[in-house]
Amino acid sequence: MSVKHIYVHIPFCKKKCPYCDFFSLPIYSNYTKTKYTTSLIKELKARKVLSSKPLKTIYFGGGSPLMLGTDNLNQIISKLRSSIDKRTEISIELNPEHLEGKQQKIMALLSGMHFNRLSIGVQTTNERILSMIERSYDINELLKTISALRKRDSILSLDFMFGLPGQTIKDLMDDIDFIKQILPQHISFYLFTPPERYQLIDQCASYKLASKMMGIISSSLKTIGYKHYEVSNFCLDKNLCKHNMAYWARQSYLGLGAGAHSFDSTKNIRSWNVQDIKAYMNDPVSSFGYEKLTKRDKINENIFLGLRLLDKGIKESLLENKDYRTFINSNMLRLYNGHLMVTEKGLPLLNYISSSLMTY
Ligand SMILES: C[S@@+](CC[C@H](N)C(=O)[O-])C[C@H]1O[C@@H](n2cnc3c(N)ncnc32)[C@H](O)[C@@H]1O
Ligand code: SF4
């Protein structure tokens, strides 16, 4: 397959956060990181996806990609360099605590590697909540990072979570005030969804509070000029995340690394790599599993993913005999130019709405 979007999974972290269900593991030896890098490069070559046309997006996610080390990151980028041009969006996820005291150096290294979209996991600026979720960074250091980043020609994206243990509306408003002060080009604001085993699960927001928070986030950010373009994503001007847009629009992408997923839109095949670092390094080339999508799967995915895009939605014709009028009558969905879109009122119930409209 020929792809325009590549995801690179770096599963290393300093420590495992208790609420995190992503495939990430506490730090490994330098030997493992080097071997992992070699395996990733081997996988990239074996997949034969690079063409003479430049890639549209590359996304280094994790885990904490910086934990791989800048030399290793550089090696991977150098293998992709011939497929990068000035329009390629190249993102990396960063933990604020990894940058403390070395902002200038790291920012210079990252810009040398052509990263032009830096996504920082702020989560919340509230120290009490950060300590409850076992994250810690210094807010003044975060401000230094942001100011170092601003000197580079990159897009700044900040990740926040809401509905966190013990978080009040006032705490949320403080995070929104922080955003107003910084005005990053892009914001992801995720509803906190820890796994069931999470110890503080009883202290997380109820459905009612989380819905109220969702409404506050959307209206406050819209008031200061952000476009709420996807359920959890906001941008200024046209700075939406092109990489994630490719996922939502069901375009082909290649996922490299342990546990990474790929999608071939021509053959309608979703495939995934083994979620185990050792097994991946032993054989980085064979996919671990795959699923051929049926016509029904395809329609269901279009519904589920398309409704996430607030201004785009899905074609009304996709729903055939489904009773979506109830959602229009209750102002959860709106119909515009033959497209159905979720309303602000429908947002907290989006999963329910999507699953009601899908065919099983
Ligand atoms: C894959 S994580 C990697 C980013 C980086 N390691 C960090 O933690 O800052 C990307 C984002 O997912 C979000 N996230 C992680 N766990 C989450 C959870 N249980 N519920 C909601 N969002 C979560 C966080 O906002 C995080 O910044
Ligand atoms: S640092 Fe990020 S990816 Fe790593 S465990 Fe914590 S939330 Fe997950």
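Attention here is on the structure that accompanies the text. It should be emphasised that the depicted structure is a prediction, and the values quoted were computed from it without experimental measurement. (Residues numbered from 1 in each chain as written. Chains lettered and ligands numbered in written order. Predicted model: local features only at pLDDT ≥ 70, side-chain atom pairs only at ≥ 80, totals over all residues. Heavy atoms only, no water.)

1. A closer look at the overall build of the protein
Item 1. Scanning the protein for helices and strands turns up 12 helices and 17 strands.
Item 2. A globule of 360 residues ought to have a C-alpha radius of gyration of about 21 Å, and the protein, at 21 Å, matches this closely.
Item 3. Structurally, the protein occupies a C-alpha span of about 60 × 50 × 40 Å along its principal axes.
Item 4. Relative to all contacts within the protein whose residues are 6 or more apart in sequence, the contacts with residues 24 or more apart total 71%.
Item 5. Here the protein displays about 17,300 Å² of accessible surface, and carbon together with sulfur accounts for 52% of that area.
Item 6. Each charge sign in the protein was given a centre, from 49 positive and 33 negative side chains, and these centres are 7 Å apart. (Helix = DSSP H or I, 4+ residues; strand = E, 2+ residues; numbered from the N terminus. Rg over C-alpha atoms; globule rule 2.2 N^0.38 Å. Contact = heavy atoms within 4.5 Å. Areas by Shrake-Rupley, 256 points an atom, 1.4 Å probe, with all protein chains shown as cover. Lys, Arg positive; Asp, Glu negative; His and termini not counted. Charge placed at Lys NZ, Arg CZ, Asp CG, Glu CD.)

2. Section: the sheet that holds strand β14 (residues 289-292)
Item 1. What the 3 strands build is an open sheet, ordered β12-β13-β14; its pairing is antiparallel. The open sheet terminates on both sides in strands that have one partner only, identified here as β12 (261-264) and β14. On average, adjacent strands in this sheet sit at an angle of 15° to one another, irrespective of strand direction.
Item 2. Pairing of strand β13 (residues 269-272) with β14, which is carried by 4 bridges, proceeds in the antiparallel orientation. The residue of β14 that forms the bridge with Ser 271 is Tyr 290. (Pairing = 2+ DSSP bridges. Axes fitted to C-alpha atoms, helices over the stretch in contact; angles between N-to-C directions.)

3. Remarks on the site of ligand 1
Item 1. Lining the immediate surroundings of ligand 1 are 17 residues, of which Gly 63, Gln 123, Arg 135, Asp 159 and Thr 193 lie closest.
Item 2. Between ligand 1 and Tyr 19 there is a distance of 3.1 Å, counted from a nitrogen atom to a backbone nitrogen or oxygen.
Item 3. Between ligand 1 and the protein, one listed contact pairs an oxygen atom with a side-chain N or O atom of Gln 123 at 2.7 Å.
Item 4. Protein chains bury 91% of the 560 Å² of accessible surface belonging to ligand 1 in isolation.
Item 5. Elements that contribute at least two residues to the shell around ligand 1 include exactly β6 (117-123), β7 (155-162) and β8 (186-191).
Item 6. A class-by-class count of the residues in the shell around ligand 1 yields 7 nonpolar, 7 polar and 3 charged. (Near = heavy atom within 4 Å. Polar contact = N/O pair within 3.5 Å; in protein donor to acceptor, adjacent residues only side chain to side chain. Nonpolar A, V, L, I, M, F, W, Y, C, P; charged D, E, K, R; others polar.)

4. Quick word on the pattern of salt bridges
Item 1. All told, the structure shown has 13 salt bridges when counted by the stated rule.
Item 2. Across the pair Arg 87 and Asp 85 runs a salt bridge, and its minimum N-O distance is 2.8 Å.
Item 3. Accessibility expressed as a relative area gives 24% for Asp 85, which makes it partly exposed.
Item 4. Its salt-bridge partner being Arg 308, residue Glu 230 comes within 2.5 Å of it at the nearest N-O pair. Taken as a pair, Glu 230 in strand β9 (residues 227-230) and Arg 308 in the loop between α10 (295-306) and β15 (314-315) lie far apart in primary sequence, 78 residues in all. In terms of burial, Glu 230 and Arg 308 fall into one category: buried.
Item 5. Taken together, the shared-partner salt bridges connect Arg 250, Arg 270 and Glu 301 into one network. (Salt bridge = Lys/Arg side-chain N within 4 Å of Asp/Glu carboxyl O. Buried < 20%, exposed > 50% of the residue type's maximum accessible area, 1.4 Å probe, protein only.)

5. Let's talk about the site of ligand 2
Item 1. Every residue near ligand 2 is listed here: Cys 13, Lys 15, Lys 16, Cys 17, Tyr 19, Cys 20, Ser 24, Gly 63, Ser 64, Asn 95 and Arg 135.
Item 2. Taken together, the residues of the shell around ligand 2 sort by class into 4 nonpolar, 4 polar and 3 charged.

These values are about where atoms sit, not about what they do.
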